[in-house]
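# Chains, contacts and geometry: an overview
Read off the chains here:
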Amino acid sequence: MAPPLKHLLAIEGMYPPQIGALLDLAESFVLLNRTGTAPRNRLRGRTLINLFFEDSTRTRTSFELAGKRLGADVINMSVATSSVNKGETLLDTASTLNAMNCDLLVIRHAASGAPALLARKVEAAVINAGDGTHEHPTQALLDALTIRRHLGGLQGLTVAICGDVLHSRVARSNIFLLSAMGSQVRVVGPPTLIPPEAERLGVKVFHDMASGLAGVDVVMMLRLQQERMARSLVPSAREYFRFWGLDEAKLKHAAPHALVMHPGPMNRGVEIASSVADDPVRSVIREQVEMGVAVRMAVLETLARSGTNS
Ligand code: ASP
Ligand code: CP
């Protein structure tokens, strides 16, 4: 049997049954959320602190909503107005929060490995909400839940992850999760935006959209992460869109039932055309956001159950 999860720091190293159990629990929350009947007593008396050192719309809001739907006390720490600005370190900040007996600490940080570092220092269960270019585990879980609900499972699917793979923690978490659950993963993008270790991760690399998308079940687009580029790695947004942006013509290469996904935030007209992003049949981008709440509820409940403070 897979060991109980104490923290959620990365998908890499997780066992398929642990992933499957989180997805099954999340699935049960989807219906409860839709009917407004989520169990508000499950995390009563527990404290969740959101500690976001990088910007976020979806992840931060959905962790807050997830915690509140399960009855936790949720605190969104505003890093911009905290004592971090007076020079307090990450570890001192975390140990201060820990002293307040926080049970669940959700952290997003620009440094890869920051959540793992915290997990060694605090008693709270630590959840990685995105660390540098390393991982974004709850994003991969919500993507998997969305795919599973539409295509019936993950085993035997072919998924193309396209664009700025080099800087994408979403891509890395998805590569680990989808490969562990029996999907074949392709990465598609210009050589400057594909990490050198891609093939070592067991994925197939393609440098043109037509062959990369041929017959795939899922097209997952990524944002061009200019904020992580020290120098420009693409000629111009217009040219990038011409070669790598998903439009209706390029989507025709994928299987007719293929899903279109994007973790958000989207740069419309750069990595994806609005006509594809808003296509009510092919695009599941809005549903990904909905699944984010259910997945985060499942993660919070699972960690609170097995956590050191329980
Ligand atoms: N929101 C996702 C992340 O924080 C993807 C992105 O920003 O492009 O990793
Ligand atoms: N997908 C995602 O993590 O979105 P935010 O950066 O808005 O949280």
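Quick note: structure is the one above.
Residues numbered from 1 in each chain as written. Chains lettered and ligands numbered in written order. Predicted model: local features only at pLDDT ≥ 70, side-chain atom pairs only at ≥ 80, totals over all residues. Heavy atoms only, no water.

## Quick notes on the site of ligand 2
- Lining the immediate surroundings of ligand 2 are Ser56, Thr57, Arg58, Thr59, Arg108, His136, Gln139, Pro263 and Gly264.
- Separating an oxygen atom of ligand 2 from a backbone N or O atom of Thr57 is a distance of 2.8 Å.
- For ligand 2, an oxygen atom lies 2.9 Å from a polar atom in the side chain of His136.
- Surface burial for ligand 2 is 92%, taken as the share of its 260 Å² of free accessible area covered by protein chains.
- A majority-of-atoms criterion places ligand 2 in the largest pocket.
- The class makeup of the residues in the shell around ligand 2 is one nonpolar, six polar and two charged. (Near = heavy atom within 4 Å. Polar contact = N/O pair within 3.5 Å; in protein donor to acceptor, adjacent residues only side chain to side chain. Areas by Shrake-Rupley, 256 points an atom, 1.4 Å probe, with all protein chains shown as cover. 1 Å grid on protein atoms, 1.4 Å probe; cavity = no way out; pocket = protein on both sides within 12 Å on 5 of 7 lines; lining within 4 Å. Sits in = over half its atoms within 2 Å of the grid points. Nonpolar A, V, L, I, M, F, W, Y, C, P; charged D, E, K, R; others polar.)

## As for the pattern of salt bridges
- Applying the stated criterion across every chain yields a total of 13 salt bridges.
- One salt bridge connects Lys68 with Glu64, and the closest N-O pair in it is separated by 2.7 Å. Pair noted here: Lys68 and Glu64 are both in helix α2 (residues 58-69), with a separation of four residues, about one helical turn.
- Ionic pairing is found between Arg149 and Glu287, a salt bridge with its closest N-O pair at 3.7 Å. Residue Arg149 is found in helix α5 (residues 137-151), and its partner Glu287 is found in helix α11 (residues 285-306); the two are separated by 138 residues along the sequence.
- You can call Arg149 partly exposed: its relative accessible area is 31%.
- Looking at Glu287, the relative accessible area reads 18%, which means it is buried.
- Three or more residues are tied together by salt bridges with common partners; here these are Glu27, Arg149 and Glu287. (Salt bridge = Lys/Arg side-chain N within 4 Å of Asp/Glu carboxyl O. Helix = DSSP H or I, 4+ residues; strand = E, 2+ residues; numbered from the N terminus. Buried < 20%, exposed > 50% of the residue type's maximum accessible area, 1.4 Å probe, protein only.)

## Overview of the site of ligand 1
- Close to ligand 1 lie Arg108, His136, Arg169, Val170, Arg223, Gln225, Gly264 and Pro265.
- Here Arg108 contributes a side-chain N or O atom positioned 3.3 Å from an oxygen atom of ligand 1.
- The backbone of Gly264 places a nitrogen or oxygen atom 3.0 Å from a nitrogen atom of ligand 1.
- The pocket occupied by ligand 1, as judged from atoms lying within 2 Å of grid points, is the largest pocket.
- Considered class by class, the residues forming the shell around ligand 1 number two nonpolar, three polar and three charged.

## Some details on unusual backbone geometry
- Between Gly264 and the following residue, Pro265, the backbone shows a cis peptide bond with an omega angle of -5 degrees.
- Mapped onto the secondary structure, Pro265 falls in the loop between β9 (259-261) and α10 (274-277).
- Positive phi, close to 60 degrees, is recorded for Asn101, a residue that is not glycine.
- With respect to the helices and strands, Asn101 occurs in the loop between α3 (90-99) and β3 (104-109).

## Re the packing of α5 against α11
- Where α5 contacts α11, the two axes come as close as 8 Å, and the packing angle between them is 115 degrees. For the element pair α5 and α11, the recorded crossing hand is right-handed. Two secondary-structure elements touch here, α5 through Thr138, Gln139, Leu141, Leu142, Asp143, Leu145, Thr146, Arg149 and His150 and α11 through Glu287, Gln288, Met291, Gly292, Ala294, Val295, Arg296 and Val299.
- Per-class residue counts for the contact of α5 with α11 are seven nonpolar, six polar and four charged. (Axes fitted to C-alpha atoms, helices over the stretch in contact; angles between N-to-C directions. Left-handed = near helix turned anticlockwise from the far one by under 90°. Contact = heavy atoms within 4.5 Å.)

## Remarks on the nonpolar core
- Counting 65 residues, the largest nonpolar core has Ile127, Leu141, Ile161 and Leu177 as its most contacted members.
- Of the residues forming this core, the biggest block, ten residues, is contributed by α11.
- Residues contacting Leu141, with those up to four places away along its chain left out, are Leu8, Ile11, Ile19, Leu22, Leu23, Leu177, Val295 and Val299.
- Within the second largest apolar cluster, 27 residues are counted, among which are Ala160, Leu213, Leu246 and Val270. (Core = buried A, V, L, I, M, F, W, Y, C linked by side-chain atoms within 4.5 Å.)

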